[in-house]
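Single-letter residue listing:
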Amino acid sequence: MRVFKFGGASVRSAGAVKNVGEVLRTQSEGPLLVVISAMGKITNKLEELVEAYYHTKETKKQLFEEVRFFHQEITNELQIDEYDYYEVDNLLIELECIIEKKRDESSSYDTEYDRIVPFGELLSTKIVSTYLNKIGYKNRWIDARNFVITTNKNRAANVLWDESVPLIKGSLEPLIEKQTILTQGFIGRGLNHKNTTLGREGSDYTAAIFAYALDAESVTIWKDVDGVMNADPRRFENAVLIPKLSYNEAIELAYYGASVLHPKTIQPLKNKAIPLYVKSFLDPSKPGTVILENASRTLNETQCYIVKDNQSLITIASKDFSFIVEDNLEIIFNAFNTAGVQLNLMQNSAISFMACFTADEIKSSQLEELLSDKFNVDLEKGHTLLTVFNYNNGNNELKSIVNSRVIALEQKSSSALQLLLRD
Ligand code: ADP
Ligand code: ASP
Ligand code: MG
């Protein structure tokens, strides 16, 4: 069997959903499980809704109406009939009931997030599944929360493989022989039976989870680009396609922030030597990229550029001039962990520690609170992190990017050069 994953861009409009139907009709052969994300940018909209709901803001009603209108427009255009529409409508009513009630004061922000944001995936898959059945592409909708069992950690749940794999294998293996299965990316269920999510952009990872459990022959992730390129083609007009990558190279690219793949996606596939294809849903005849086990380096001389915007630089210096060694580092890392900050680059000197992370007001003030007793903490927004993978000296492209910008941090390893540039 094979696994296909369609992301937000591939189902952002009625026309896009029709194109997914076309891709499935022409590209799927044999047993298939399809993972789908929320439509377009709906997850962002639902995040705004959570924020408004949690802080009892007036805007929550308007935001909900926007979510409803967006999905209704698509179902209308897909000519989904009244009988089938009622399943979509039920989800909208359920969401409306949640946001209209006063929230439980004891419930955390992250729990409420995981209660509300999964509606994006639930709505999207209901609509696509119904449309596909209507055009004769028979499929069965399943709820991923019954199969992807996770820790209870909201918004960043870890998969519990020992629980999930037997459920997926036991229930879905016999079903998949009969018809295509269609399910949601990104969402799961904690051991406490409440919704969880796997972190933003987590649908690629869901595809890998199902593929691992079902010993898939391959996974294909359908994107709005030709495949994995040596840079984001939206930023670098000379970006070129990388036809083949080893698992380790793909893990490194994703780790440094190449947003075309979720970083956790590769490991489960690598463990079972399942190849991952990244292909264009706009032109499925193009070869795309294949990621597989390969002892020799497949990238050879190709340099890859990865850009992360919106970085905050934090400088932490001990107030008592004590060295930034094990004991102080322990305090500093505990603070990052407690605030849920993920560091993208770090460096330390005798009496200071510097690092960058994606700007976040709430996390930043929590960090200041946790550290300001013992340290002087300085936070500076407005940086961009540039990573050049497979770096070699005398690179002209790099010179033109850096130009006269101030380099706040610089780090070089055997495989990558990282520069934190002031905007
Ligand atoms: P999805 O629809 O699956 O959520 P994403 O939008 O997350 O897809 O990922 C596709 C986007 O990733 C592309 O539109 C492209 O702008 C961006 N991207 C970033 N880095 C790369 C890269 N190295 N190769 C290809 N695309 C990249
Ligand atoms: N819908 C989720 C997000 O936008 C998951 C995904 O698209 O992969 O982050
Ligand atoms: Mg995405």
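Cut-offs used in this document
Residue positions are given per chain, counted from 1 along the sequence in the order it is written. Going through the entries in the order they are written, you letter the chains from A and number the ligands from 1. Local features are withheld for residues below a pLDDT of 70 in this predicted model, meaning they are given only at 70 or higher, and side-chain atom pairs are given and counted only at 80 or more; totals for whole chains, interfaces and linings count all residues. To get the side-chain values, take all heavy atoms of the structure and skip hydrogens and water. To qualify as a helix, a DSSP run of H or I must reach at least 4 residues; to qualify as a strand, a run of E must reach at least 2; elements of each kind are numbered from the N terminus. Throughout, radius of gyration means the C-alpha value; the globule benchmark is 2.2 Å times the number of residues raised to the power 0.38. Working definition: with a 1.4 Å probe on protein chains only, accessible area under 20% of the residue-type maximum means buried, over 50% means exposed, and in between means partly exposed. The contact rule is simple, with two residues in contact once any of their heavy atoms fall within 4.5 Å. In this text, near means that some heavy atom of the residue lies within 4 Å of the molecule or strand in question. Within 3.5 Å is the distance limit for a polar contact, defined as a pair of N or O atoms, with the added protein rule that one can donate a hydrogen and the other accept it, and that residues adjacent in sequence qualify only through two side-chain atoms. Working definition of accessibility: Shrake-Rupley area with a 1.4 Å probe, residue cover restricted to the visible protein chains. Here the nonpolar group is Ala, Val, Leu, Ile, Met, Phe, Trp, Tyr, Cys and Pro; Asp, Glu, Lys and Arg are the charged ones; every other residue, Gly included, is treated as polar. To form a nonpolar core, buried Ala, Val, Leu, Ile, Met, Phe, Trp, Tyr and Cys residues must be joined to one another through side-chain atoms within 4.5 Å. Here, any two strands with at least 2 DSSP bridges between them count as paired. When two rings of Phe, Tyr or Trp (its six-membered ring) have centres within 6.5 Å they constitute a pair, described as stacked for plane angles under 30 degrees, edge-to-face for angles over 60, and tilted for the intermediate range. Both a distance and an angle decide whether a charge sits over a ring: NZ of Lys or CZ of Arg must be within 6 Å of the ring centre and within 35 degrees of the ring normal. Should a side-chain nitrogen of Lys or Arg be within 4 Å of a carboxyl oxygen of Asp or Glu, the pair is scored as a salt bridge.

Caption draft 1: Looking closely at the overall build of the protein chain. Helix and strand content of the protein chain: 13 helices and 17 strands. At 23 Å, the protein chain has a C-alpha radius of gyration in line with the 22 Å of a compact globule built from 423 residues. Its C-alpha atoms put the protein chain at 70 × 55 × 40 Å along the principal axes. Per-residue burial for the protein chain yields a buried fraction of 52% across its 423 residues. Considering only contacts in the protein chain between residues 6 or more positions apart, those separated by 24 or more positions represent 75%.

Caption draft 2: Region of interest: the site of ligand 2. Taken together, Ser37, Ala38, Thr43, Glu121, Phe186, Arg200, Glu201, Gly202 and Ser203 make up the full set of residues near ligand 2. Taking Arg200, its side chain carries an N or O atom lying 2.5 Å from an oxygen atom of ligand 2. Protein contact buries 93% of the 260 Å² of open area that ligand 2 shows by itself.

Caption draft 3: Looking closely at the site of ligand 1. Not every one of the 17 residues close to ligand 1 is listed here, only the nearest: Lys5, Lys223, Asp224, Asp232 and Arg234. In this structure, an oxygen atom belonging to ligand 1 sits 2.8 Å away from a side-chain N or O atom of Lys223. Computed on the free molecule, ligand 1 has an accessible area of 570 Å², of which 87% lies beneath the protein chains in the complex. For the shell around ligand 1, the residue count by class is seven nonpolar, four polar and six charged.

Caption draft 4: Highlighting the nonpolar core. Counting residues in hydrophobic clusters, the biggest one holds 98 residues, and the most contacted among them are Leu33, Leu172, Leu261 and Ile291. Setting aside chain neighbours within four positions, we find Leu172 in contact with Leu33, Ile142, Phe147, Leu167, Ile181, Phe210 and Leu214. By size, the runner-up hydrophobic cluster in this structure holds 16 residues, among which are Ala335, Phe336, Phe357 and Leu371.

Caption draft 5: Local environment of the sheet that holds strand β4 (residues 149-150). In space, the three strands of this open sheet follow the order β4-β6-β7, with mixed pairing throughout. On the outer flanks of this sheet lie β4 and β7 (195-197), each paired with one strand and no other. Sheet topology note: the β4/strand β6 (residues 187-190) ladder contains two bridges and is parallel. Across the sheet, residue Thr150 finds its bridge partner in β6, namely Gly190.

Caption draft 6: Expanded view of unusual backbone geometry. Even without being glycine, Glu201 reaches a positive phi, approximately 70°. Judged by its relative accessible area of 55%, Glu201 falls in the exposed class. In the Ramachandran plot, Asn390 falls in the positive-phi region, its phi being about 70° despite a non-glycine side chain. Position of Asn390 relative to the elements: it lies in the loop between β15 (375-389) and α13 (396-402).

Caption draft 7: Region of the structure containing the packing of aromatic side chains. Within the structure shown, the criterion is met by 12 aromatic pairs. With 6.2 Å between their ring centres and 10° between their planes, Phe6 and Trp222 make a pair best called stacked. Of this pair, Phe6 sits in strand β1 (residues 2-6) while Trp222 is found in strand β8 (residues 218-223), placing the two residues 216 residues apart along the sequence. Residue Phe6 shares its accessibility class with Trp222, and that shared class is buried. Measuring from centroid to centroid gives 5.0 Å for Trp161 and Tyr212, while their planes differ by 65°, and the two rings are edge-to-face. With Trp161 in helix α7 (residues 161-176) and Tyr212 in helix α8 (residues 203-213), this residue pair connects regions lying 51 residues apart in the sequence. Judged by its relative accessible area of 22%, Tyr212 is partly exposed. Arg155 extends its terminal NZ or CZ atom over the ring of Tyr113, reaching a point 3.9 Å from the ring centre. Sitting over the face of the ring of Tyr212, Lys272 holds its NZ or CZ atom 4.2 Å from the ring centroid.

Caption draft 8: Molecular detail of the pattern of salt bridges. Enumeration according to the criterion identifies 26 salt bridges in this entry. Salt-bridge contacts for Arg200 lead to Glu47; the nearest nitrogen and oxygen are separated by 3.2 Å. Residue Arg200 is located in the loop between β7 and α8, and its partner Glu47 is located in helix α2 (residues 42-54); the two are separated by 153 residues in the primary sequence. We classify Glu47 as partly exposed; its relative accessible area is 22%. Several salt bridges share partner residues, and in doing so they unite Lys61, Glu65, Arg68, Glu96 and Glu100 into one network.

Caption draft 9: The side chain of Thr220, seen in detail. Position of Thr220 among the secondary structure elements: in strand β8. The class of Thr220 is buried, set by a relative accessible area of 4%. Dropping the residues within four chain positions of it, Thr220 is found in contact with Val3, Phe4, Lys5, Tyr277 and Lys279.

Caption draft 10: Structural context of α8. Buried residues dominate α8, accounting for 10 of its 11 residues. Listed in full, the buried residues belonging to α8 are Ser203, Asp204, Tyr205, Thr206, Ala207, Ala208, Ile209, Phe210, Ala211 and Ala213. Asp215 occupies a position one or two residues after α8 and carries a positive phi of about 50°.

Caption draft 11: Main features of the pairing of strand β13 (residues 345-348). As paired strands, β13 and strand β14 (residues 352-358) are joined by four bridges and run antiparallel to one another. Looking at β14, one finds that Gln347 is bridged to Met354. The hairpin turn running from β13 into β14, its antiparallel successor, is three residues long.

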